[in-house]
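Here's the letter readout for the chains.
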Amino acid sequence: MGQYSSSQSGAAAVQRPVAYLNRLRSLVPSADLVQKALVLAVVIIPFIATAVAVWQVWERYVTWRDIALLIAMYVPISLGVTAGFHRMLTHRSFKAHPIVRFVILVCGSMAIEGAAITWASDHLKHHAFSDKPGDPHSPREGGFWAHMGWVISGRAMHNVTTELLSYVPDLRKDKFHIWISKYHYVPIVILAVLLFVFGGWPYVMWGLFFRTTVGLHSTWLVNSATHMWGKQRFATGDDSRNSFWVALLTCGEGWHNNHHSQPQSARHGLAWYEIDLNWYAIRVLSALGLVWDVKAATLTS
Ligand SMILES: [Zn+2]
Ligand SMILES: [Zn+2]
């Protein structure tokens, strides 16, 4: 990781992350094979996990411990993506203590939504071309496409490296962000082993498979549902909308029209009744002095 030190100057330092990603790609046996395996995993595993979960509920094999584990895993990992990858990393809505930054990005990495830098660059493209040509996931190309088609088709992973990195010029210079992105798969592997050791397959089922399925579809609903259904408070020039039920599933990300209106705000739920768990968590961390420079929109701003 030292080779990505920000102390290096000029074009060499900028080229290093590009060189790293290109080298990583050259190590992959076959991009086509990897894509097919990924598609298979994304399509098959969630389907099996959901079927098993429904069967277990039907047969009353589910215990309160399973449900508690699901929630205990879901909330911090969801916050890792929504507060960490999205509000902190992509939009720079607040600054955080290094320990908070580490914990929140490790949690986000466990959502199996790819590396932090890749996630941020895809999302910045979405804001740059919202519902226009170039948007990675607009429902104008079809609701299913916006929800998961763009992922299972492999298009999300097919961005040209140089193009991808051009959306995150400062993130790619930060050695911590390069490091956490390079090893983004490690936390979920460790979690999987711990779940199996301490609870066997039931823990893996509820804490990993089913939790990931719910988490992925919740995130994807922000790309599909909140660009199709709900109310527009602000004339943002795109199809973004506010959705109460998506906000509940995503710890506050459903207030998507508010977000498109003021992307840098750490606060997405602007009215008192717009539940935004992310914003409450950020306020608590701010009160503890663990995050600062919090940008917060209001209804009148
Ligand atoms: Zn959007
Ligand atoms: Zn955003």
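A. Summary view of the overall build of the protein chain. Counting its secondary structure elements, the protein chain contains 12 helices and two strands. Along the protein chain, helices and strands appear, N-terminal first, in the series α-α-α-β-α-α-α-α-α-α-α-α-α-β. Counting the 301 residues in the protein chain, one finds 39% classified as buried. Counting contacts in the protein chain only where the partners sit at least 6 residues apart, residues at least 24 apart contribute 65% of the total.

B. Inspection of the confidence of the model for the protein chain at higher detail. Here the protein chain averages 84 in pLDDT, while 80% of its residues score no lower than 70. Of the regions scoring below 50 in pLDDT, residues 1-10 engages in 13 contacts with residues more than four places distant in sequence or in other chains.

C. Inspection of the packing of helix 3 (residues 64-90) against helix 4 (residues 98-109) at higher detail. Two elements in contact, helix 3 and helix 4, have axes whose closest approach is 7 Å; the angle formed by their N-to-C orientations is 115 degrees. Comparing their axes, helix 4 and helix 3 come out roughly perpendicular. Crossing hand, helix 3 versus helix 4: left-handed. Contacts between helix 3 and helix 4 involve P76, I77, L79, G80, V81, A83, G84, F85 and M88 from the former and I104, L105, C107 and G108 from the latter. Per-class residue counts for the contact of helix 3 with helix 4 are 10 nonpolar, three polar and no charged.

D. Representation of the packing of helix 5 (residues 116-128) against helix 8 (residues 175-182) within the structure. For the pair helix 5 and helix 8, interaxial distance at closest approach is 7 Å and the crossing angle is 105 degrees. Here helix 5 is positioned roughly perpendicular relative to helix 8, judged by the angle of their axes. Counted together, A116, I117 and T118 of helix 5 and H177, I180 and S181 of helix 8 form the full contact between these two elements. Tallied by class, the residues present in the contact of helix 5 with helix 8 amount to three nonpolar, three polar and no charged.

E. Main features of the environment of W292. Considering the arrangement of structural elements, one finds W292 in strand 2 (residues 291-292). In this structure the C-alpha to C-alpha distance between W292 and I282, which are 10 residues apart in sequence, comes to 9.2 Å. Excluding residues that lie within four positions of it along the chain, W292 makes contacts with F94, K95 and S286.

F. Highlighting the nonpolar core. Counting 39 residues, the largest nonpolar core has A116 and A120 as its most contacted members. Contributions of two or more residues to this core are made by helix 2 (31-58), helix 3, helix 4, helix 5, helix 9 (186-223) and helix 12 (277-287). For this core, the element with the most residues is helix 3, which contributes 10 residues. Once residues within four sequence positions are removed from consideration, A120 is found in contact with F85, L89, T90, V168 and L171.

G. Structural view of unusual backbone geometry. Here D131, not a glycine, exhibits a phi torsion of approximately 60 degrees, which is positive. The topology assignment puts D131 in the loop between helix 5 and helix 6 (143-152). When the 19 C-beta atoms within 10 Å are taken as the criterion, D131 is described as partly exposed.

H. A look at the environment of G114. If you trace the backbone, G114 turns up in the loop between helix 4 and helix 5. Along the primary structure G114 and H184 are separated by 70 residues, whereas in three dimensions their C-alpha atoms are 7.2 Å apart.

Calculation notes
Residues numbered from 1 in each chain as written. Chains lettered and ligands numbered in written order. Predicted model: local features only at pLDDT ≥ 70, side-chain atom pairs only at ≥ 80, totals over all residues. Helix = DSSP H or I, 4+ residues; strand = E, 2+ residues; numbered from the N terminus. Buried ≥ 20, exposed ≤ 12 C-beta atoms within 10 Å, placed from the backbone. Contact = placed C-beta atoms within 7 Å. pLDDT = per-residue confidence, 0-100. Axes fitted to C-alpha atoms, helices over the stretch in contact; angles between N-to-C directions. Parallel < 35°, antiparallel > 145°, perpendicular 65-115°, else oblique. Left-handed = near helix turned anticlockwise from the far one by under 90°. Nonpolar A, V, L, I, M, F, W, Y, C, P; charged D, E, K, R; others polar. Core = buried A, V, L, I, M, F, W, Y, C linked by C-beta atoms within 7 Å.

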